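Listed below, chain by chain, are the residues.
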Amino acid sequence: MARTQALMIQIATGDPRPIGRQIVDAVRMKIATGALAPGAQLPSVRGLAQQLMVNPNTVAKAYAELTTEGWLESRQGMGLYVAAPRQRLSDAERERRLDEAIGRFINDVIPLGFPDEAVEARLAHELQQLASRKTA
């Protein structure tokens, strides 16, 4: 039986994203980078809510979204587990989300006034860091 894996995530009060979105994004990132392996058991709704000091309904909604999207699977009477890897979204939806994310990124970064080369270099560095975490 898999042991419950602690979710080392933090909620930022100054973050413009709602708390539930922060939880969803953090769990997705942990799964995508391999920090949460397939089959790993997640904390209970109540356990994560206590850890993060948030309303259990917020955690329940985040877990429900992750389950609907295929990131997590519920095992009756046993809890929530990281689902086996698979393409969770259609190619068209993945493209739409990529376009949307790039649009938000551009709208946030361009007003900062950095040269394009500096932005590209920073982005390449962050992608490299992410790749090295995935292989570690």
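Preceding this section is the structure that the text describes.
As a starting point, this report considers the structure included with it. Worth saying up front: this structure is predicted, and the values here are computed from it rather than measured.

Here the focus is helix 2 (residues 45-52). Those residues of helix 2 that fall on the buried side of the exposure criterion are Leu-48, Ala-49 and Leu-52. Buried residues along helix 2 cover an arc of 100° about the axis, so they all sit on one side. Pointing more than 90 degrees away from the buried face of helix 2 are the exposed residues Arg-46 and Gln-50. On its buried face, helix 2 sits against helix 1 (19-32) and helix 3 (56-68). Count one or two residues on from helix 2 and you reach Met-53, which has phi positive near 55°.

A side chain with one charge can pair with a side chain of the opposite charge if their charged atoms come near. Tallying each qualifying case throughout the model produces 14 salt bridges. Across the salt bridge formed by Arg-21 and Asp-25, the nearest N and O atoms sit 3.5 Å from each other. Of this pair, Arg-21 and Asp-25 both sit in helix 1, four residues apart, roughly one helical turn. The exposure class assigned to Asp-25 is partly exposed, which follows from its relative accessible area of 22%. Among the ionic pairs, Arg-21 bridges to Glu-65, the shortest N-O distance being 2.9 Å. Of the two residues, Arg-21 sits in helix 1 while Glu-65 sits in helix 3, which places them 44 residues apart along the sequence.

Calculation criteria
Residues numbered from 1 in each chain as written. Predicted model: local features only at pLDDT ≥ 70, side-chain atom pairs only at ≥ 80, totals over all residues. Heavy atoms only, no water. Buried < 20%, exposed > 50% of the residue type's maximum accessible area, 1.4 Å probe, protein only. Helix = DSSP H or I, 4+ residues; strand = E, 2+ residues; numbered from the N terminus. Arc of directions from axis to C-beta. Contact = heavy atoms within 4.5 Å. Salt bridge = Lys/Arg side-chain N within 4 Å of Asp/Glu carboxyl O.

Shape descriptors only; they carry no functional weight alone.
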